[in-house]
Amino acid sequence: MFALWTRYKNIPLLKKMFVAMLAGIVAGILLGPKAEVLSPLGTLFLQLLQMIALPLIIVNLLSGLCSLDDPKLFGRIGVRVLLYYCLTTVFAMVIAVFVGSLIRPGLGFILSGDFVLNNKATPSIGATILSMIPSNVFTALADGKFDQVVIFVAIFGMAALFLPAADRERIRSMSDIFVRAFNKIMAAVMLYAPVGIFALMARTFGRYGLSMGGPIAKYVVSVYISVVCMFCVYLLLLYIFVRMKPGYFLRRSGPVIVSAASTCSSIATLPVNLKAAEDLGVPKGIYSFTIPLGNQINRDGMGIFFAMSFMFTAQAAGVDFTFAELGKMILLSLLLTMGGGGIPGGAMVFLALIFETFGLPVEVVAVIAGIHTLNEMGLTTMNCLGDLVGTVIATFSGEDRKKLPSVQD
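What you see is a predicted model; the values in this text were computed from it and never measured. (Residues numbered from 1 in each chain as written. Predicted model: local features only at pLDDT ≥ 70, side-chain atom pairs only at ≥ 80, totals over all residues. Heavy atoms only, no water.)

Visitor: Tell me about the overall build of the protein, residues and numbers included.
Guide: In terms of helices and strands, the protein carries 16 helices and 0 strands. Taking all 409 residues of the protein together, the buried fraction comes to 52%. Of the roughly 18,200 Å² of accessible surface on the protein, 70% is carried by carbon and sulfur atoms. (Helix = DSSP H or I, 4+ residues; strand = E, 2+ residues; numbered from the N terminus. Buried < 20%, exposed > 50% of the residue type's maximum accessible area, 1.4 Å probe, protein only. Areas by Shrake-Rupley, 256 points an atom, 1.4 Å probe, with all protein chains shown as cover.)

And the structure:
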């Protein structure tokens with residue numbers, strides 16, 4: 001029995017979730033309405049995700065910000081790469097929103113259970129921004145206003161950068177302790193994840209059968225169209241700012257693409273990414289900072305995932321969000337992508353948080369989690385390539401372009 005449990009724990013999480021999704025689909029089709037008996041197992045999984053979401057975000061975001069050194073030490077390279085990481089993640093989400101609006105993958109996806117949106121008067125852009133700033137952070141915590149809490153933690157973390165190094169280290173050390181503790185809880189939750197996904201998929205397909213398949217396929221296709229578009233943006237940015245030819249970059253970044261797509265792990269691809277940066281002529285003193293930093297805070301692939309999943313769920317629920325509300329979603333997603341490094345199953349936790357913030361049905365997270373392995377290759381590749389492209393642009397753009405190796409075969 002112990003040997004079986006050990007073998008189960010050693011199976012990669014994405015494989016377990018994918019198998020659970022397939023098993024749930026088969027069970028739902030075979031059992032039909034009787035699959036409803038499994039519903040409590042799925043509901044438990046969703047509630048566990050919601051329980052751990054906010055504490056995870058607070059401690060990981062604070063730990064990540066406090067681990068940075070004084071930004072003044074980084075000079076113009078640090079400013080460039082940080083600006084690049086933020087802007088490209090936002091641009092990736094804008095692409096996903098645009099693709100999702102054109103293809104509309106959520107149309108035809110049937111939600112299990114009734115869903116009624118609490119319609120309110122649409123606020124202006126200014127009011128939307130102001131609504132994200134908490135007047136009382138303790139009230140925001142008590143009321144579950146996740147976006148306000150994230151904003152407060154981000155402001156606090158940035159302020160901590162200007163404290164003496166010893167004080168900043170104390171905050172980081174304390175945050176790291178909580179990070180490790182909450183990650184233990186999250187790891188336990190994710191051990192249960194396949195059971196929850198199996199139950200939710202069985203319940204959903206037990207009610208509605210194979211009519212669910214079309215929208216899910218459109219969702220995956222929409223994600224990869226967004227990935228291809230963002231990849232073209234990378235090549236265009238390299239040519240505009242550095243005059244680097246696409247073939248030259250692709251030959252040296254090929255190992256990064258292969259590693260990211262095969263391992264679906266940004267951390268596992270980190271050494272390959274460092275070597276690619278060296279092959280592209282980036283000084284070691286620069287890429288040894290920018291690549292690991294991007295590995296933690298630059299998540300273009302996750303941005304695409306958040307935005308496309310948001311559009312998919314909103315369309316399934318029959319909700320049309322305004323530009324101001326979409327802007328709020330993008331800003332919140334940007335903060336979550338920057339604070340999500342190293343969290344097991346963090347993407348699903350944050351996705352559930354975004355849905356809850358905007359009043360969308362959290363149940364869709366289970367369906368998306370089951371098929372996430374189909375998207376993971378493309379999304380991880382975007383994360384890793386984004387780090388490499390940002391490093392090259394930050395190093396060789398502007399007056400520094402003359403330092404780029406002249407031979408581009």
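Visitor: How would you explain the packing of helix α13 (residues 300–316) against helix α16 (residues 364–396) if you had to name every residue and give the values?
Guide: Any two packed helices are characterised by the angle at which their axes cross and by the distance between the axes. The contact between α13 and α16 brings their axes to 7 Å, and the two run at 150 degrees. In this structure, α13 meets α16 at a crossing whose hand is right-handed. Residue-level contacts link Asp300, Gly301, Met302, Ile304, Phe305, Ser309, Phe312 and Thr313 of α13 to Val364, Ile368, His372, Leu379, Met382, Asn383 and Gly386 of α16. The class makeup of the residues in the contact of α13 with α16 is 8 nonpolar, 6 polar and 1 charged. (Axes fitted to C-alpha atoms, helices over the stretch in contact; angles between N-to-C directions. Left-handed = near helix turned anticlockwise from the far one by under 90°. Contact = heavy atoms within 4.5 Å. Nonpolar A, V, L, I, M, F, W, Y, C, P; charged D, E, K, R; others polar.)

Visitor: Account for unusual backbone geometry, naming residues and giving values.
Guide: With a phi angle near 50 degrees, Arg104 is a residue other than glycine that sits in the positive phi range. Turning to its location among the elements, Arg104 is positioned in the loop between α4 (75–103) and α5 (125–131). A positive phi angle is found at Arg243, which is not glycine, with a value near 60 degrees. Tracing the backbone shows Arg243 in the loop between α9 (213–242) and α10 (246–263).

Visitor: Explain the pattern of salt bridges to me, and be specific about the residues and the numbers.
Guide: One pass over the full model with this rule turns up 4 salt bridges. Residue Arg170 is joined to Asp167 by a salt bridge in which the shortest nitrogen-to-oxygen separation is 2.6 Å. Within this pair, Arg170 and its partner Asp167 are both found in helix α8 (residues 165–208), separated by 3 residues, close to a single helical turn. On the basis of relative accessible area, Asp167 is assigned to the partly exposed category, the value being 31%. Between Asp176 and Arg172 there is a salt bridge, and its shortest N-O distance comes to 2.3 Å. Of this pair, Asp176 and Arg172 both sit in helix α8, 4 residues apart, roughly one helical turn. Several salt bridges share partner residues, and in doing so they unite Glu169, Arg172 and Asp176 into one network. (Salt bridge = Lys/Arg side-chain N within 4 Å of Asp/Glu carboxyl O.)

Visitor: Give a description of a nonpolar patch on the surface that names residues and reports values.
Guide: Side chains of Val26, Leu30 and Leu31 sit close together on the surface and give an oily, nonpolar patch of about 300 Å² of accessible area. Looking at the secondary structure, you find Leu31 in helix α2 (residues 13–31). Look at Leu31 and you get partly exposed, because its relative accessible area is 41%. (Patch = residues over 30% accessible without salt bridge, like charges linked within 9 Å, V, L, I, M, F, W, Y side chains within 5 Å.)

Visitor: How would you explain the environment of Gly247 if you had to name every residue and give the values?
Guide: Position of Gly247 relative to the elements: it lies in helix α10. On a C-alpha basis, the gap between Gly247 and Leu235 in space is 9.5 Å, while along the polypeptide they are 12 residues apart.

Visitor: An account of the side chain of Asn375 is needed here, citing residue identities and associated values.
Guide: Here Asn375 lies in helix α16. Those residues in contact with Asn375, other than ones at most four positions away along the chain, are Tyr219, Val220, Val223 and Tyr224.

Visitor: Give me α13: which residues, what numbers.
Guide: Taking 1.5 Å as the rise per residue, α13 with 17 residues should run 24 Å; its terminal C-alpha atoms sit 24 Å apart, in good agreement. Burial runs high along α13: 17 of the 17 residues are buried. Following α13 by one or two positions, Gly318 adopts a phi angle in the positive range, close to 75 degrees. (Expected span 1.5 Å × (residues − 1).)

Visitor: Could you give an account of the nonpolar core, naming the residues involved and the relevant values?
Guide: Residues Phe45, Tyr219, Phe249, Phe305, Phe310, Met329 and Leu360 are the most contacted members of the largest nonpolar core, which totals 111 residues. Of all the elements, α16 adds the most residues to this core, at 17 residues. Listed in part, the 8 residues of the second largest apolar core include Leu62, Val149, Val153 and Ala160. (Core = buried A, V, L, I, M, F, W, Y, C linked by side-chain atoms within 4.5 Å.)

Visitor: Quick rundown of the packing of aromatic side chains? Include the residues and the values.
Guide: Overall, the coordinates contain 8 aromatic pairs when judged by the stated rule. Where Phe152 meets Phe156, the ring centres are 6.5 Å apart and the plane angle is 25 degrees; that geometry is what we call stacked. Here the residue Phe152 and the residue Phe156 both occupy positions in helix α7 (residues 146–160), the gap between them amounting to 4 residues, near one helical turn. Accessibility expressed as a relative area gives 37% for Phe152, which makes it partly exposed. Every member of this aromatic cluster is reached through a ring pair, and the members are Phe310, Phe321 and Phe358. Directly above the ring of Tyr239 sits Arg243, whose terminal nitrogen or CZ lies 5.2 Å from the centroid. Sitting over the face of the ring of Phe358, Lys328 holds its NZ or CZ atom 5.6 Å from the ring centroid. (Phe/Tyr/Trp six-rings, centres within 6.5 Å; stacked < 30°, edge-to-face > 60°. Lys NZ or Arg CZ within 6 Å of the ring centre and 35° of its normal.)

Visitor: Go over α16, please, and point to the residues and values.
Guide: Approximately 60 degrees is the largest bend angle found in α16, and it occurs at Asn375. Of all 33 residues in α16, 30 are buried; the element is thus mostly enclosed. (Bend = angle between axes of the 7 residues up to and from the residue.)

Note that every value here comes from positions in space, so none of it alone points to a role or purpose.
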